[in-house]
Amino acid sequence: MTWAPLLLADPSPNLRLLVLRELLQRPTADQEVCELCALRERDPIVQDLLALQDTDGSWRSMDGTGDAWQRIRTTAQALLALGYLGFAPEHPAIQQGAEYLFALQKPDGSWPLPRSKSERELREAYSVIPLQTGMPLRGLAAAGYALDTRAERAYEWLLDQRLPDGAWHSGVKGGKHVFPAGYRRLAHSRHGCRTNTSFAVSALALHPSRRASPAARRGLDLLLAQDTLQASNTGYEVARTIGAERHRGFFTYFARYDVAFILDLCWRIGASLEDERVADIVAFVKGLQGPYGLWEYASYPKASRWVSFDLLRSLSRLDEETDWISLEPRTPFQPYPKRTRRY
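Reference entry: report on the structure contained in this document.

So, how was this worked out
- Residues numbered from 1 in each chain as written.
- Predicted model: local features only at pLDDT ≥ 70, side-chain atom pairs only at ≥ 80, totals over all residues.
- Heavy atoms only, no water.
- Salt bridge = Lys/Arg side-chain N within 4 Å of Asp/Glu carboxyl O.
- Buried < 20%, exposed > 50% of the residue type's maximum accessible area, 1.4 Å probe, protein only.
- Helix = DSSP H or I, 4+ residues; strand = E, 2+ residues; numbered from the N terminus.
- Expected span 1.5 Å × (residues − 1).
- Patch = residues over 30% accessible without salt bridge, like charges linked within 9 Å, V, L, I, M, F, W, Y side chains within 5 Å.
- Areas by Shrake-Rupley, 256 points an atom, 1.4 Å probe, with all protein chains shown as cover.
- Lys, Arg positive; Asp, Glu negative; His and termini not counted.
- Charge placed at Lys NZ, Arg CZ, Asp CG, Glu CD.
- Polar contact = N/O pair within 3.5 Å; in protein donor to acceptor, adjacent residues only side chain to side chain.
- Contact = heavy atoms within 4.5 Å.

**Describing the pattern of salt bridges**
Opposite charge on two side chains allows them to pair when their charged atoms are near. A complete count under the given rule lists 20 salt bridges for this structure. Residues Asp30 and Arg26 are paired through a salt bridge, measuring 3.4 Å at the closest nitrogen-oxygen approach. Given the relative accessible area of 31%, Arg26 is considered partly exposed. Between Arg313 and Asp264 there is a salt bridge whose closest N-O contact spans 4.0 Å. A residue pair is termed long-range when its members are at least 10 positions apart, and Arg313 in helix α15 (residues 304-317) and Asp264 in helix α13 (residues 259-269) qualify at 49 residues. The pair Arg313 / Asp264 is uniform in exposure class, with both members buried. Through salt bridges with shared partners, one network takes in Glu22, Asp264, Arg268, Asp310, Arg313 and Arg317.

Structure (structure tokens):
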């Protein structure tokens, strides 16, 4: 495997550890695995991340600012990163961050809407937005808290927000569902929002049993219906998770359609390579692979090995035959469909 020496040469002990564990299937007692485990917190990615955690367990932004909602978002993103790097709930930083988020959880299982002055219009316009819970729940699930009873309440709240067609809506205003902006439209769903659906599906994909549920599969099916293949966005979510790209945005969080992110959802939820949409994404991704078996992330070349690891893991775990059933035809993406001209 020509890619193995290149990935194992990366200075990040966490990346090397993930390669040994998840791609090369090295046992826990392997000497090199044990040596890397001892070096994990010396990784600059982890050191920079932990340096931003406050005494209450929350994470602040790099500039030190942030209201309550921004703290929720930043803490959820930090837990997502630590979970992606392989840290478990036993780690003190994860425990403190999780308890911070759970302390802000509402009795119905959701988290509050943003209440900052800059987002006052959002707060006054909407009574419910699924990602208000999908965002923190995704971080908690990535860090190992998916089975926590408090997280399970959040999952139930999130499932209650599903539309009859299986998508997650853009929000509720005045008791009615709001149409999503064009860049967030889901094909074959009147009110379905790609950002809200992506958060919900990715949270479900991190749950040991809910990831194979009809809700998770239907949500992924709708995401796969968008017939978009963009090389420039491939690996964006991985780069954002490790801190190479900035994490920001609310509705705009998933504005970019990243096929590497979609492939990650596919293997976790159980999509089959027999699905032509999945097979075409795989063929597209393989076509981007460099001569040494790695993928280049042009915006931040240092993230290239991380993107390569993520794609190799997804490609190795996709099954050719599963009980996956596709219901949605592929639809070329149109942010704003053309209206029929009236004569």
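**Quick word on helix α5 (residues 68-84)**
For α5, with 17 residues, the first-to-last C-alpha span of 24 Å sits near the 24 Å given by 1.5 Å per residue. A large share of α5 lies buried, amounting to 15 of its 17 residues. Looking one or two places after α5, you find Gly86, whose phi comes out positive at around 100°.

**Points about a negative patch on the surface**
A cluster of like negative charges, contributed by Glu274, Asp319, Glu320 and Glu321, occupies part of the molecular surface. Structurally, the position occupied by Glu274 is in the loop between α13 and α14 (276-287). Taking relative accessible area as the criterion, Glu274 reaches 57% and is therefore assigned exposed.

**Brief notes about the side chain of Glu245**
Position of Glu245 relative to the elements: it lies in the loop between α12 (236-241) and α13. The buried charged residue Glu245 lacks any salt bridge partner; its closest oppositely charged side chain belongs to Arg256, at an N-O distance of 4.9 Å. One polar contact links Glu245 to Tyr297, side chain to side chain, over a distance of 2.6 Å. Excluding its chain neighbours within four sequence positions, the residues that come into contact with Glu245 are Tyr236, Ala239, Arg240, Tyr297, Ser299 and Tyr300.

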